[in-house]
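Chain residues, written in single-letter form:
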Amino acid sequence: MAAMLACDEGAGGNEVVAVKGLQHSEYGHCSNEQYRWTSKYDRSRLGITEDESPSYWTVITTYMIYIMLILFGHVRDYIGCRLYPRDFAHLRENNGYAALNSDFDSFFTRRLKMRIDNCFERPVTGVCGRTVVMLERKSNDYHRTFYLTGRKRRALNVSAYNYLGFAQSHGECADNVETGLDLYGISSGGARLGVGTLDLQVQAEKMVAAYLQQEDAMLVSMGYATNSTTIPAIAGPGTLILSDELNHTSLRAGVRMSGANIRTFKHGDMANLESLLRECISQGQPRTHRPWKKIVLLIEGLYSMEGTIVDLPRVLELKRRYRFYLYVDEAHSIGALGPHGRGVCDYFGVDPNEVDIHMGTFTKSFGAVGGYIAGKKALIDRIRLANFSNVYGETMAPPVMVQILSTIATIMAVGRTPEKRALLPAWTHFSEPFLAGIEGQQRLQRLAFNARYLNHGLRKLGFIIWGSRDSPVIPLLLFQPSKMTLFSEFMQNRELALPPSKKWEVADEAWNSASLTAAHLPPAPSGAPQRRPPIVVVVVAYPATPLTSTRVRFCVSSSHTKDDIDDVLRACDEIGSTIGLKYTDGGPGGRWTIDQVTAHPMALVAWNGTDPLPPP
């Protein structure tokens, strides 16, 4: 990249090492072309479910733990209200004012979530790329408050939405963002319909439309608002909206604001969706039984909590039969799925024009913020006038739009034709390999490899993994809430998962973390311990997930190297054996050991998940 090359040519040795280390910490160096894959749908797996179920004993013990926590919490409330009334004053009526939060409303937060609050909202600093610097914190009052100790630790980051690894402070994208900042400043200072229509906004919308192969596109400065303010612009009273039961909150908020009738169907269940369509069409609107003005189906391309990819070919079959409009939220799938990174349409090889409304965000794959709506020009023109975010909200910040233009430029290889090259502002400067799409294609292929390798590796180690095998979101099921805090802490402090005889192996923090900043380490001395760098993960529980399906959610990135995925697999293997997370037999062919998994990545990536894959 430009910044690194400049230092290579004209800087001293120490500075070269520093800049290369920074680059590697943000985007890992991986020159092995074998560690690549193409994200594409395997038609031989049509109709095969990806989910595995826990045993009855696991479910029963999970419910028992929650029951015990709830009973113990009520006992503490009963005693606390009488012995420490001042601590509960904010939950009761005071001087004629009703409590904003009743004692029942805040029970879950006070008595369950607070026990594991050390797993959430971890403070970090610096670039959240391949690695992230954590600020150590502690609590002396049972997680009511935290304080920073002043200590910092760099950890491998598998928790961030950084699918294509564009969250970087160096590189061609960052260099052009800096130039754009000098030219345009920080803010547009107005709404789209006012004086906020920068030329960058128009160019970015043309670029996004060309990338998605649509007639037009509209950008919104906030991803959540892209959904919540667009749905009221296309639906209202007399409209029937069919929604997957696991759709994102932003979609549900938009439906509520629209005033349309909503019916939900079971997650990913096309038979249930068709049955619901038949019922709603035959019965018509409530009370009057008049025909619906229109029917809109809301689905996501990739579900961020489940890791499942929508069965788009089957959805399009139903669309042709029942004539409803299709709205696809590709917040997590755009840039992350498909040979060209264009999302689920690209992944399944279907015509994107069969989808009426494309929605996506720039947060996950493009290292930016905000979202887009794309489709037919007549539709987008109408949405521009009725979308609250477009009418009243300030447009995207100019540096953000430059980041969007830069990242899409290499993904769609704008340098291959003069027409595409003209989509970029004239003042931008990129290398020819960047514009030819070499970097963009490499990022797509590295992401696809990392996703399948981690997914299949965890399955072969005996963990319950939900979702599609091509998904960059990989949920590992924990079930019991007590295992959430254990898993999170053990990933950051790897020695906690080792027996006492081996804890000395992780005593040297510099040795363990060396791989996080150095791209090429010298061979380890004979008898040296295994490097065990700290890893930061996201654990998810109720109410974000059902009560019995607590999980850790890995978000892999193209910035991760094969060695990084090995570190995650090894950590999960050690922790899973310690706290009892290996619930399965490893699928067809049986379980593998961690050494077998890390030694045969290509076999795991190419595995279709159904044919037996015995230990090598």
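Note that the coordinates shown come from a computational prediction; the quantities given were computed from them, not determined experimentally.

Scoring rules and cut-offs
- Residues numbered from 1 in each chain as written.
- Predicted model: local features only at pLDDT ≥ 70, side-chain atom pairs only at ≥ 80, totals over all residues.
- Heavy atoms only, no water.
- Phe/Tyr/Trp six-rings, centres within 6.5 Å; stacked < 30°, edge-to-face > 60°.
- Buried < 20%, exposed > 50% of the residue type's maximum accessible area, 1.4 Å probe, protein only.
- 1 Å grid on protein atoms, 1.4 Å probe; cavity = no way out; pocket = protein on both sides within 12 Å on 5 of 7 lines; lining within 4 Å.
- Points joined across faces, edges and corners; volume = space filled by probe spheres on them.
- Nonpolar A, V, L, I, M, F, W, Y, C, P; charged D, E, K, R; others polar.
- Helix = DSSP H or I, 4+ residues; strand = E, 2+ residues; numbered from the N terminus.
- UniProt positions renumbered as here; feature names shortened; annotations may be inferred.
- Axes fitted to C-alpha atoms, helices over the stretch in contact; angles between N-to-C directions.
- Parallel < 35°, antiparallel > 145°, perpendicular 65-115°, else oblique.
- Left-handed = near helix turned anticlockwise from the far one by under 90°.
- Contact = heavy atoms within 4.5 Å.
- Pairing = 2+ DSSP bridges.
- Arc of directions from axis to C-beta.
- Domains from an automatic or database assignment.
- Buried area = accessible area lost by both parts, 1.4 Å probe.
- Salt bridge = Lys/Arg side-chain N within 4 Å of Asp/Glu carboxyl O.
- Polar contact = N/O pair within 3.5 Å; in protein donor to acceptor, adjacent residues only side chain to side chain.

Trainee: Teacher, can you tell me more about the packing of aromatic side chains here?
Mentor: Aromatic ring pairs are reported here in terms of the distance separating the ring centres and the angle at which the planes meet. Inspection of every chain in the model, using the stated rule, returns 15 aromatic pairs. For the pair F362 and F366, a centre-to-centre distance of 5.8 Å together with 65° between the ring planes defines the contact as edge-to-face. Using a relative accessible area of 1% as the deciding quantity, one classes F362 as buried. Taking the relative accessible area as the measure of exposure, F366 reaches 1% and is therefore buried.

Trainee: Hey, could you run me through empty space enclosed by the protein in this one?
Mentor: Here the idea is plain: a probe the size of a water molecule rolls over the atoms and shows the empty space left. All chains considered together, the criterion is met by 3 cavities of 30 Å³ or more. The wall of the largest cavity is formed by 12 residues, among which Q168, H170, G171, C173 and A174 lie closest to the centre. Taken together, the residues of the lining of the largest cavity sort by class into 5 nonpolar, 4 polar and 3 charged. There is about 60 Å³ of room inside the second largest cavity. Around the second largest cavity, the lining residues are R192, Q201, L219, V220, S221, S389, N390, G393, E394, T395 and M396. At the level of elements, strand 4 (216-220) and helix 13 (388-392) are the ones that each hand at least two residues to the lining of the second largest cavity. Considering only residue class, the lining of the second largest cavity consists of 3 nonpolar, 6 polar and 2 charged.

Trainee: Can you walk me through the UniProt feature "domain: Aminotransferase class I/classII large" (unreviewed entry) in the protein chain in this structure?
Mentor: The feature "domain: Aminotransferase class I/classII large" (unreviewed entry), as given by UniProt, occupies residues 156-501 in the numbering adopted here. Helix makes up 44% of residues 156-501 and strand 14%, whereas the separation of the span's terminal C-alpha atoms amounts to 25 Å.

Trainee: Looking at this structure, I do not really get the packing of helix 17 (residues 438-461) against helix 20 (residues 562-579). What am I missing?
Mentor: Describing two packed helices takes the angle between their axes plus the distance from one axis to the other. Packing of helix 17 against helix 20 brings their axes to within 10 Å, and their N-to-C directions diverge by 20°. If you check the angle between helix 17 and helix 20, you find them roughly parallel. For the element pair helix 17 and helix 20, the recorded crossing hand is right-handed. Judged by residue contacts, F449, N450, Y453, L454, G457, L458 and L461 of helix 17 engage K562, I565, D566, V568, L569, C572 and D573 from helix 20. A breakdown of the residues in the contact of helix 17 with helix 20 according to their chemical character gives 9 nonpolar, 2 polar and 3 charged.

Trainee: Any chance you could explain the sheet that holds strand 4 here in plain terms?
Mentor: Within a sheet, adjacent strands bond to each other through the backbone by hydrogen bonds, running parallel or antiparallel. The sheet built from 7 strands is open, its strands ordered 4-10-9-8-7-5-6 with mixed pairing. Looking at the sheet topology across the chains shown, the edges are occupied by strand 4 and strand 6 (261-265). On average, each strand axis in the sheet is inclined to that of its neighbour by 20°, with strand direction left out of account. Here 5 bridges tie strand 5 (residues 239-244) to strand 6, and the two strands are oriented parallel to one another. Of the residues in strand 6, the one forming a bridge with I241 is I262. This element, helix 6 (residues 199-212), spans strand 4 and strand 10 (371-375) of the sheet and lies at about 125° to strand 4. In the packing of helix 8 (residues 249-258) onto the sheet, contacts are made with strand 5, strand 6, strand 7 (294-300) and strand 8 (325-329), and the angle to strand 7 comes to roughly 160°.

Trainee: Would you take a moment to explain helix 12 (residues 377-386) for this structure?
Mentor: Each α-helix turn comprises 3.6 residues. Residues three or four places apart therefore point the same way. Along helix 12, the residues classified as buried are I380, I383 and R384. An end-on view of helix 12 places all buried positions within 105° of arc, on one side of the element. What points out from helix 12, more than 90 degrees from its buried face, is the exposed set A378, R382 and L385.

Trainee: Which parts of the structure should I look at to understand the domain arrangement of the protein chain?
Mentor: The extent of an interface is frequently quoted as the accessible surface area lost upon association of the parts. As far as domains go, the protein chain holds domain 1 (36-92 + 100-157 + 437-502 + 530-610) and domain 2 (172-433). When each unit is reduced to the centre of its C-alpha atoms, the spacing between domain 1 and domain 2 is 29 Å. Each partner contributes residues to the interface: domain 1 has 25 residues there, and domain 2 has 21 residues. In this assembly, domain 1 packs against domain 2 so that about 2100 Å² is buried in total across both faces, 57% of it on carbon and sulfur atoms. Together, S39, Y41 and L444 form the three largest contributors to the area buried by domain 1 at its contact with domain 2, with a combined 25%. A salt bridge links E306 to R551, with the shortest nitrogen-to-oxygen separation between them at 3.1 Å. In this structure, the connection of domain 1 to domain 2 is made through 13 residue pairs in polar contact (both at pLDDT 80 or more). Sorting the residues of the side of domain 1 that touches domain 2 by element identifies helix 17, strand 11 (473-479) and strand 14 (550-555) as the ones contributing at least two each. The element best represented in the side of domain 1 that touches domain 2 is helix 17, accounting for 6 residues.

Trainee: Help me out: how do you make sense of the pairing of strand 11 in this one?
Mentor: For a regular strand, the rule is simple: side chains alternate between the two faces of the sheet. For strand 11, the tally of buried residues reaches 7 of 7 residues, placing the bulk of the element in the interior. Here strand 11 shows a buried face lined by V473, P475, L477 and F479 and a second buried face lined by I474, L476 and L478. Note: strand 11 against strand 14, 6 bridges, orientation antiparallel. Bridged to V473 within strand 14 is C555.

Trainee: Teacher, can you tell me more about unusual backbone geometry here?
Mentor: In most cases, non-glycine residues show a negative phi, while peptide bonds are predominantly trans. With omega at 10°, the peptide bond leading from Y542 into P543 counts as cis. With respect to the helices, strands and loops of the structure, P543 is situated in the loop between strand 13 (538-540) and strand 14. The residue H143 is not glycine, and still its phi comes out positive at about 75°. With phi around 60°, H289 is a residue other than glycine that occupies positive phi space. Structurally, the position occupied by H289 is in the loop between helix 9 (270-283) and strand 7.

Trainee: Where do I start with the sheet that holds strand 11 in this structure?
Mentor: Spatially, 11-14-13 is the arrangement adopted by the 3 strands of the open sheet, whose pairing is antiparallel. Two strands bound the open sheet, and with one partner strand each, they are strand 11 and strand 13. For this sheet, the mean angle separating the axes of adjacent strands, direction not counted, is 30°. Relative to strand 14, strand 13 runs antiparallel, the two being bridged by 3 bridges. Looking across to strand 14, one finds that V538 is bridged to R553.

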